[in-house]
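So the chains spell out like this:
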Amino acid sequence: MKKYKTGLVLGRFQTFHNGHEYIINKALEICDKVLVFIGSSDKFGTIENPFSYELRKKLIKKIYENEIVENKLVISPLADLGAGNVTKWGDYLFCEAEKILGKVDCIVYGKESKCKSWFSEKIKKSVNFIVISRDDIKINASTLRNYMKENDFERWRKFVNEKNWGEFEKMREILIKI
């Protein structure tokens, strides 16, 4: 039995990289079951959100197929609410997570300083917030998208799981069309 029964990880994953993977791995270490919400699931084809929910889910599934089969990891879409990063948005996020997990024991996230401010006091008291440092993994999705646009596979692949290297050209084509 792990420290927490259920955990939540949220990200847009535009594109999924080693920093995201590190956070999910840490969540799996401390939680029996982890819900990974792919945020802005209803958005794609823009500079900020180039990739569809289906593609982002595919990238994550390639890495975590065993955990999915064993029901340790669930991937689900989370559409934008249009409310911005306010407590209304945090309450929506939490409510959607509870529909899938039942009780949510913890939220696992990187150094997003505003994360706790997204939630009402009631939720802050009912859930544990677990901050995972990514200081050793200096990358972000914007930089990776630039590597793809520049057709720099060698730099890109240093920050992406080998299981997803075959998606480079497909994602690059999507970016070039935007």
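Residues numbered from 1 in each chain as written. Predicted model: local features only at pLDDT ≥ 70, side-chain atom pairs only at ≥ 80, totals over all residues. Heavy atoms only, no water.

Caption draft 1: Summary view of the pattern of salt bridges. According to the stated counting rule, one finds 10 salt bridges in the structure shown. Across the salt bridge formed by K26 and E29, the nearest N and O atoms sit 3.7 Å from each other. In this pair, K26 and E29 both sit in helix α1 (residues 18-30), 3 residues apart, roughly one turn of the helix. Within the structure, one salt-bridge network assembled from shared partners comprises K58, K62 and E167. (Salt bridge = Lys/Arg side-chain N within 4 Å of Asp/Glu carboxyl O. Helix = DSSP H or I, 4+ residues; strand = E, 2+ residues; numbered from the N terminus.)

Caption draft 2: Spotlight on the packing of helix α2 (residues 53-63) against helix α8 (residues 168-177). Where α2 contacts α8, the two axes come as close as 12 Å, and the packing angle between them is 155 degrees. For the element pair α2 / α8, the angle class is roughly antiparallel. Remark: the crossing between α2 and α8 carries left-handed chirality. Each of L55, K58 and L59 in α2 lies in contact with α8, whose residues at this interface are K170, M171 and I174. Here the contact of α2 with α8 is built from residues that sort into 4 nonpolar, no polar and 2 charged. (Axes fitted to C-alpha atoms, helices over the stretch in contact; angles between N-to-C directions. Parallel < 35°, antiparallel > 145°, perpendicular 65-115°, else oblique. Left-handed = near helix turned anticlockwise from the far one by under 90°. Contact = heavy atoms within 4.5 Å. Nonpolar A, V, L, I, M, F, W, Y, C, P; charged D, E, K, R; others polar.)

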